[in-house]
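# Residue-level structural notes
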Amino acid sequence: MKHYWKVLAAAVCFGIVLAVVKEKLEIDRARFWRWYLAAAVVIIVGAVALNILYARHYSKRMQELLPLLDKGQPEVYLAGLEELLASVKTRGLRDMLRLNLSAGYCEADRYEEAIAVLESLKFSGGRAPETVRRLNLCVCLFRTGRAAEAMELCRASEKWFAPWRGKEPYGGNLAALDIHAAMAEGRYTEARNMLAQARETWDKPRLRKYYDQLERLMNDNDL
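Calculation criteria
Residues numbered from 1 in each chain as written. Predicted model: local features only at pLDDT ≥ 70, side-chain atom pairs only at ≥ 80, totals over all residues. Heavy atoms only, no water. Helix = DSSP H or I, 4+ residues; strand = E, 2+ residues; numbered from the N terminus. Buried < 20%, exposed > 50% of the residue type's maximum accessible area, 1.4 Å probe, protein only. Axes fitted to C-alpha atoms, helices over the stretch in contact; angles between N-to-C directions. Parallel < 35°, antiparallel > 145°, perpendicular 65-115°, else oblique. Left-handed = near helix turned anticlockwise from the far one by under 90°. Contact = heavy atoms within 4.5 Å. Nonpolar A, V, L, I, M, F, W, Y, C, P; charged D, E, K, R; others polar. Phe/Tyr/Trp six-rings, centres within 6.5 Å; stacked < 30°, edge-to-face > 60°. Lys NZ or Arg CZ within 6 Å of the ring centre and 35° of its normal. Expected span 1.5 Å × (residues − 1). Arc of directions from axis to C-beta.

### Observations concerning the environment of E64
Inspection of the secondary structure assignment puts E64 in helix 2 (residues 29-65). Taking relative accessible area as the criterion, E64 reaches 52% and is therefore assigned exposed.

Put into structure tokens, the structure is as follows:
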């Protein structure tokens, strides 16, 4: 939002300069307004285009780092994101980078750091970023033994989670979250059935690793 206010302020300043020029050069009023409107359109369209290109540039770089998580290199992924964060100025992009940073912390088993990042974020725009934030936070709370907090957040987040159940790109992660919830409530037989179904449905490398971790937790409980 600050970026757009800066663009507006620049347009206003430009208008003031043109008004001074008009008076000095005694330019016809009709001609002046044609010039002013044409210049304003060019400035605004140019600023919006640059902003879009800026966002796409960083989005592409974030996407290029994601395969590192599938390769089991979360620390390299985190280093890449930290480098990007050092050069990003706009709040929206910084928040998206930090959301991705939390995923890297999760993969590196640095759950407390992930929780600190996720609790400091809140997305009021698109539903997808807030869904991811809540999903990742629920997972981290479960993995740090804070099951009661995780269950409370899961129930409060159902309106964000429901549209994505059984669908890409979050269906597999939500299946894992539901398994966590079943285990927290002592429904281990149901949790095992849910795990078997999840493995048949979702086959991404990180999800396979996640499901293996859940199975080990179940087995530990049986001991």
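Read on, since the account is not over.
### Description of the packing of helix 5 (residues 91-107) against helix 7 (residues 127-143)
Between helix 5 and helix 7, the shortest axis-to-axis distance is 11 Å and the interhelical angle comes to 25°. Taken together, helix 5 and helix 7 sit at an angle that is classed as roughly parallel. By crossing handedness, the relation of helix 5 to helix 7 is classed as left-handed. For the pair helix 5 and helix 7, contact is made by M96, L99, S102, A103 and C106 and by P129, V132, R133, N136, C140 and R143, respectively. Here the contact of helix 5 with helix 7 is composed, by residue class, of seven nonpolar, two polar and two charged.

### What to know about the packing of aromatic side chains
Aromatic rings considered in pairs are described by the distance between their centres and by the relative angle of their planes. Under the counting rule described, the total for this entry stands at one aromatic pair. Summarising the aromatic geometry, the rings of W164 and Y170 are spaced 4.9 Å apart at their centres and angled 75° between planes, so their arrangement reads as edge-to-face. The class of Y170 is buried, set by a relative accessible area of 16%. Sitting over the ring of W160, R134 keeps its end group 3.7 Å from the ring centre.

### Concerning the environment of L137
Here L137 lies in helix 7. Taking C-alpha positions, L137 is 9.6 Å from C106, a pair spaced 31 residues apart along the chain. Setting aside anything within four residues of it in sequence, one finds L137 in contact with I115, L118, E119 and L153.

### Considering unusual backbone geometry
For the bond from E168 to P169, the omega torsion is 5°, close enough to zero to count as cis. Topologically, P169 is positioned in the loop between helix 9 (158-161) and helix 10 (171-184). Unusually for a residue other than glycine, D109 sits at a positive phi of about 60°. Within the fold, D109 resides in the loop between helix 5 and helix 6 (111-120).

### Some points on helix 11 (residues 188-201)
If you check helix 11, its first and last C-alpha atoms are 20 Å apart, about what 14 residues at 1.5 Å a residue would give, namely 20 Å. Among the residues of helix 11, A191, L195 and A198 are the ones counted as buried. Mapping the buried residues of helix 11 onto a view down its axis gives an arc of 65°, with all of them on the same face. For helix 11, the exposed residues set more than 90 degrees away from the buried face come down to T189, N193 and E200.

### Some remarks on helix 8 (residues 147-156)
Within helix 8, the full set of buried residues consists of A150, M151, L153 and C154. For helix 8, the angular spread of buried residues about the axis comes to 165°, placing them on one side. Exposed positions of helix 8 whose direction lies more than 90 degrees from the buried face are A148, E152 and R155. Buried residues in helix 8 make contact with helix 7, helix 9 and helix 10.

### Brief notes about the packing of helix 7 against helix 8
Between helix 7 and helix 8, whose axes approach to 8 Å, the crossing angle comes to 160°. On the basis of their axis angle, the class for helix 7 and helix 8 is roughly antiparallel. For helix 7 against helix 8, the interelement crossing comes out left-handed. Side by side, helix 7 and helix 8 meet where R134, L137, C138, L141 and F142 of the first sit next to A147, E149, A150, M151, L153, C154 and A156 of the second. The residue inventory of the contact of helix 7 with helix 8, partitioned by class, reads ten nonpolar, no polar and two charged.

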